[in-house]
Amino acid sequence: MDKVDVIIVGGGLAGLSCAYELADSGMTVIVLERGDFSGSKNVTGGRIYLGPLRHYLPNLWKEAPLERHVTKELITLLGDANSTTFELYSDRFNQEPYPSYTILRAKFDRWLADLVSEKGVFVIPQKNVNDLIKEGEKVIGVKTEDEEIGADCVVASDGILSFMAEKAGLRKPFQPQHFALGFKEVIALNSNIIEDRFRLGEKEGAAQLFVGILTKGIMGGGFLYTNQESLSLGIVVGIHSLNQREPREEIYKFLDEFKGRPEIKNLIKGGEVMEYSAHLISEGGIHTIPKVYGNGILITGDAAGLGLNMLVTVRGMEYAMASGVLAGRTIKMAKEKNDFSASTLANYEKLLNESFIMREMSQYQNTLSILENKRLFSKYPQAISDLFEKVMRVDENPKEGLYKTIWETVKKDFLNFETFKDWLQFRKI
Ligand SMILES: Cc1cc2nc3c(=O)[nH]c(=O)nc-3n(C[C@H](O)[C@H](O)[C@H](O)COP(=O)(O)OP(=O)(O)OC[C@H]3O[C@@H](n4cnc5c(N)ncnc54)[C@H](O)[C@@H]3O)c2cc1C
């Protein structure tokens, strides 16, 4: 059996960041990616926050093919025939170093794979890893369709359904409530049109989240990100919540219905769909994290359950990249000791626990129970939009006093025991 120092399974953000960290270490590192190229099978919303990452990957960002820096944040509550949007423009988001960018994975991951290849890592596409090779409890390599390759350490960066973590016996059985399903289209539009429609300056971007009727009471929501010359538009639904629904919904239709809403229709008018994708998202937070190390193996990114729905934003890419770097650092340390046993690789868990990743995962450990609350996806978006509509409406009758209009709705929709319980729950995050 041929042997290398490190095999990384999966050439997404986690795997490539680990490879980047290891590139100058003098070790022989290979990345095995089942897709035609890195980025070809990777889906995100997506927006990436660079604040937490600059510390881990300080030299990566100058040349990186990112899309627009986000200066405008919008949250839209969708009712059946109305909607309310909260819009934030911040000049601080428009000053370098920019806090967050929109991103297209097909471009970014491919660029990162080329970069680590130039640094001496072998990134091998169209290589599907079928199995781990073990000696007792120790992982000593991987099997692909046509060969066996040995390594001192295997890094499982194979995404959300990580087969490698399962084979290594590190992952618990999956629970549907820990996953959501996302559908996404990339819609080509001229950059001037994007800037006019979203009232953005050159290279400035917008990130918009939607909650309400679009998921028909099912846990989930929609997203829209402006790229340089396209929009990323998608919808996400919780699998558990979807399974409980009778009669069953054909969720691929949700995205078409969403696109038919006037709030969206006018934004995508004239655009051409270039890409359609569907992918799972981790919603379980800290409760779904497997043991992230074993004898001869480390688990990173989505494979390690490192993803979080923070209600106002989704996190996963920074966790994937930072965990990849931390896995790389752990491997360098293990190489110095020439010991890749679980006791040495346990340092990875320590590094993760000390990092922003586990601090945030711990801080937001109760989001799942909040996300299971149907009122968040139906009653509140509708009630808030109805109230705003009433406040703005002038018809044939003399207009009622504003205080009376607002107070009556607040009394009816919000001053009740259910809302009080929801408020108490909300205080947990
Ligand atoms: C719809 C949607 C919206 C999202 N929005 C955001 C967002 O806005 N911001 C954010 O930060 N996060 C977001 N996320 C989460 C984020 O995209 C993920 O957390 C991130 O992509 C994880 O990166 P990764 O490298 O761990 O996994 P992946 O990108 O999934 O990479 C895994 C790689 O492993 C390869 N692979 C799998 N099995 C094998 C095998 N057996 N052999 C060889 N190769 C294999 C795959 O082809 C893939 O390239 C979103 C996710 C989805 C689905």
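Engineer: Explain the overall build of the chain to me, and be specific about the residues and the numbers.
Structural biologist: When you go through the chain residue by residue, the secondary structure sums to 16 helices and 19 strands. At 23 Å, the chain has a C-alpha radius of gyration in line with the 22 Å of a compact globule built from 429 residues. Considering only C-alpha atoms, the chain reaches an extent of 85 × 45 × 40 Å along its principal axes. Pairs at least 24 apart in sequence give 74% of the contacts found in the chain among residues at least 6 apart.

Engineer: Which residues make up the site of the ligand, and what values do they have?
Structural biologist: Around the ligand sit 41 residues in total, of which G10, G12, G182, G301 and G316 are the nearest. Sorting the residues of the shell around the ligand by element identifies helix 1 (13-22), strand 3 (47-49), strand 11 (179-188), strand 14 (230-238), strand 15 (272-282), strand 19 (314-315) and helix 9 (317-337) as the ones contributing at least two each. Here the residues of the shell around the ligand are counted per class, giving 14 nonpolar, 18 polar and nine charged. When we break the shell around the ligand down by domain, the ones giving at least three residues each are domain 1 (2-67 + 103-172 + 290-354) and domain 2 (177-282).

Engineer: Tell me about the environment of F174, and please be specific about residues and values.
Structural biologist: Of note, F174 is situated in the loop between helix 4 (163-167) and strand 11. Take F174: there are 15 C-beta atoms within 10 Å of it, and that puts it in the partly exposed class. Counting along the chain gives 222 residues from F174 to E396, while the straight-line C-alpha distance between them is 57 Å.

Engineer: Could you give an account of the domain arrangement of the chain, with specific residues and numbers?
Structural biologist: Segmenting the chain into domains produces domain 1 (2-67 + 103-172 + 290-354), domain 2 (177-282) and domain 3 (370-426). Facing the nine residues of domain 2 at the interface are eight residues of domain 3. Classifying every residue of the side of domain 2 that touches domain 3 by side-chain character gives four nonpolar, five polar and no charged.

Engineer: Help me get a handle on the pairing of strand 11, residues and values and all.
Structural biologist: Regular strands place side chains that alternate from one sheet face to the opposite one. Here ten bridges tie strand 11 to strand 15, and the two strands are oriented antiparallel to one another. Opposite I187, over in strand 15, you have V273 as the bridge partner. For strand 11 and strand 14, the ladder comprises nine bridges, and the chain directions are antiparallel. Across the sheet, the residue bridging to V186 is S232, located in strand 14.

Engineer: Please give an account of helix 7 (residues 252-260) that cites residues and values.
Structural biologist: Turning to helix 7, its buried residues number three or more, namely F254, L255 and F258. Considered in projection along helix 7, the buried side chains sweep an arc of 100° and stay on one side of the axis. Away from its buried face by more than 90 degrees, helix 7 exposes Y252, K253, D256 and G260. Buried residues along helix 7 sit in contact with strand 11, strand 13 (220-226), strand 14 and helix 8 (262-268).

Engineer: I'd love a proper account of the pairing of strand 8 (residues 129-135), names of residues and values included.
Structural biologist: Sheet topology note: the strand 8/strand 9 (residues 138-144) ladder contains six bridges and is antiparallel. Paired with V129 across the two strands is T144, which belongs to strand 9. Linking strand 8 back to strand 9 in an antiparallel pair, the connection comprises two residues, with G136 at a positive phi of about 65°.

About the cut-offs
Residue positions are counted from 1 within each chain, in the order its sequence is given. pLDDT decides what is reported in this predicted model: residues at 70 or higher carry local features, side-chain atom pairs at 80 or more are listed and counted, and totals for whole chains, interfaces and linings draw on all residues regardless. Numbered from the N terminus, helices here are DSSP runs of H or I no shorter than four residues, and strands are runs of E no shorter than two. Throughout, radius of gyration means the C-alpha value; the globule benchmark is 2.2 Å times the number of residues raised to the power 0.38. Here, residues touch in the contact sense if the C-beta positions derived from the backbone fall within 7 Å of one another. Nearness rests on one distance test: the residue's C-beta atom, set from the backbone, must lie within 6 Å of the molecule or strand. Amino acid classes used here: Ala, Val, Leu, Ile, Met, Phe, Trp, Tyr, Cys and Pro are nonpolar; Asp, Glu, Lys and Arg are charged; the rest, including Gly, are polar. These domain limits were set by an automatic method or by a database of domain assignments. Partly exposed residues are those whose C-beta has more than 12 but fewer than 20 other C-beta atoms within 10 Å; 20 or more makes a residue buried and 12 or fewer makes it exposed, with C-beta atoms placed from the backbone. Pairing between two strands requires that DSSP report at least two bridges joining them. This arc corresponds to the set of directions leading from the helix axis out to the C-beta atoms.

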